[in-house]
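# Analysis of the macromolecular model
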Amino acid sequence: MEEGGNAERTPAFLHIKNYLLGEIQAGQWKEGDAIPSEQALAKQFGVSRMTVNRAVRELTDEQILTRVQGSGTYVAQHKYQSTLVEIKSIADEVRMRGHVHRSELHLLERSKASELLAHPFGLKPGHPLFHSVIVHFENDIPIQVEDRWVNPEVAPDYMLQDFSVITPNEYLMAAAPLQGVNYSIEALHPPREIAEMLQIHKDKEACLVLKRRTLSQGQVASVVTMWHPGSRYQFAGSF
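Below is a summary of the structure that appears in this document. Since we're looking at a predicted model, the values are computed, not measured. (Residues numbered from 1 in each chain as written. Predicted model: local features only at pLDDT ≥ 70, side-chain atom pairs only at ≥ 80, totals over all residues. Heavy atoms only, no water.)

### Here we look at the packing of aromatic side chains
All chains considered together, the criterion is met by 5 aromatic pairs. Both rings, one in Tyr-158 and one in Tyr-171, keep their centres 6.0 Å apart while their planes meet at 55°; by these two values the pair is tilted. Taken together, the residues span a long stretch of sequence, with Tyr-158 in the loop between β6 (141-150) and α6 (168-175) and Tyr-171 in helix α6 at a distance of 13 residues. Taking the relative accessible area as the measure of exposure, Tyr-158 reaches 0% and is therefore buried. Tyr-171 gets classed as buried once you look at its relative accessible area, which sits at 10%. Grouping aromatic residues by their ring pairs yields a cluster made of Phe-130, Tyr-158, Phe-163 and Tyr-171. In this structure, Arg-102 packs its charged tip against the face of Phe-137, placed 3.9 Å from the ring centre. (Phe/Tyr/Trp six-rings, centres within 6.5 Å; stacked < 30°, edge-to-face > 60°. Helix = DSSP H or I, 4+ residues; strand = E, 2+ residues; numbered from the N terminus. Buried < 20%, exposed > 50% of the residue type's maximum accessible area, 1.4 Å probe, protein only. Lys NZ or Arg CZ within 6 Å of the ring centre and 35° of its normal.)

Take a look at the structure:
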């Protein structure tokens with residue numbers, strides 16, 4: 001039986017786990033802060049160190065805490081999530097977490113499809129395309145560089161949009177209702193310009209890179225590459 005009472009009471013390890021979570025959620029311990037040692041927590045709650053270890057271990061497995069050998073246990077860096085099952089606007093995802101979204105437009109241009117780009121669109125090289133590069137922020141932290149190519153035949157007003165108030169995804173979902181999607185994810189070291197936009201070191205941090213092609217009106221509507229800093233982002237989904 002767990003220390004702290006009978007089966008009808010909250011197990012001691014869960015009581016400690018809830019206490020640690022409550023302190024983190026209340027802002028008493030922030031990202032990177034050390035939490036009290038297992039010995040100190042065992043003394044505080046009057047339980048064995050093994051009981052404290054279970055609570056800390058579960059929070060570590062859930063990526064709430066992180067252990068550093070020979071140093072201690074710290075509040076883990078939060079990883080912002082993106083769902084793979086449903087295509088959402090990143091602005092909506094940020095707002096759903098109670099955070100503030102903003103974006104910076106780095107490029108908006110008319111271009112022509114190279115041989116490499118023409119293939120995923122099913123077009124001939126030289127076909128007109130729209131091209132945008134946007135950095136998305138969550139609470140002023142850059143979490144995504146969106147490098148998107150758009151078929152003008154599907155979304156002719158793309159270049160007229162104010163992407164400080166609407167995301168490309170929000171516009172395209174309205175202008176070109178989704179018929180299908182293909183995507184892949186890989187870990188890559190970013191090129192210098194992407195690393196600078198994400199405020200990371202290009203050789204010291206890998207990015208999670210989502211490449212996605214969306215179809216609408218019987219055509220490829222857009223081809224987008226989205227770069228996310230690996231240390232503060234994760235993808236999640238369920239079926």
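Still more ground to cover, so stick around.
### Considerations on helix α3 (residues 49-61)
Taking 1.5 Å per residue as the helical rise, α3 with its 13 residues ought to reach 18 Å, and the 18 Å between its terminal C-alpha atoms agrees with that figure. Buried positions along α3 lie against α1 (12-25), α2 (38-45), β1 (65-68) and β2 (72-75). A positive phi of about 65° marks Gln-63, the residue just after α3. (Expected span 1.5 Å × (residues − 1). Contact = heavy atoms within 4.5 Å.)

### Things to note about the side chain of Ser-132
For Ser-132, the location among the structural elements is in strand β5 (residues 128-138). Side-chain polar atoms of Ser-132 contact the side chain of Tyr-158, separated by 2.6 Å. Dropping the residues within four chain positions of it, Ser-132 is found in contact with Leu-107, Leu-108, Glu-146, Asp-147, Arg-148 and Tyr-158. (Polar contact = N/O pair within 3.5 Å; in protein donor to acceptor, adjacent residues only side chain to side chain.)

### Re the pattern of salt bridges
With the rule as written, the count across this model stands at 12 salt bridges. Linking Arg-49 and Glu-38 is a salt bridge whose minimum nitrogen-to-oxygen distance equals 3.6 Å. Highlighted residues: Arg-49 in helix α3 and Glu-38 in helix α2, separated in sequence by 11 residues. For Glu-38, a relative accessible area of 15% translates into the label buried. Put simply, Glu-138 and Arg-97 hold a salt bridge, and the shortest N to O gap is 2.8 Å. Residue Glu-138 is found in strand β5, and its partner Arg-97 is found in the loop between α4 (90-96) and β4 (101-112); the two are separated by 41 residues along the sequence. Here the salt bridges share partners, and the residues they tie into one network are Lys-17, Arg-54 and Glu-58. (Salt bridge = Lys/Arg side-chain N within 4 Å of Asp/Glu carboxyl O.)

### What about the environment of Thr-225?
Mapping Thr-225 onto the fold places it in strand β9 (residues 219-229). As for Thr-225 and Val-145, which are separated by 80 residues in sequence, their C-alpha atoms are 8.1 Å apart. If sequence neighbours within four positions are ignored, Thr-225 has contacts with Val-145, Glu-146, Asp-147, Val-209, Leu-210 and Lys-211.

### Considerations on α2
Buried within α2 are the following residues: Glu-38, Leu-41 and Ala-42. Down the axis of α2, the sector holding all buried residues measures 105°, keeping them to one side. Counted as exposed and oriented over 90 degrees from the buried face of α2: Gln-39 and Lys-43. The inward-facing, buried residues of α2 abut α1, α3 and β1. Taken from the residues just after α2, Gly-46 is the one with a positive phi, measuring 65°. (Arc of directions from axis to C-beta.)

### What to know about the sheet that holds β4
Read across the sheet, 6 strands follow the order β4-β5-β6-β9-β8-β7 without closing on themselves; strand pairing throughout is antiparallel. Since the sheet does not close on itself, it has two edges, and those belong to β4 and β7 (180-188), each with one partner. Each strand of the sheet is rotated relative to its neighbour by a mean of 15°, with strand direction disregarded. When β6 meets β9, the two strands line up antiparallel, connected through 6 bridges. Looking at β9, one finds that Val-150 is bridged to Ser-222. The strands that α6 touches are β5, β6, β8 (207-216) and β9; relative to β6, the one it contacts most, it runs at about 40°. (Pairing = 2+ DSSP bridges. Axes fitted to C-alpha atoms, helices over the stretch in contact; angles between N-to-C directions.)

From the geometry alone we can't say anything about function, so treat these as descriptive.
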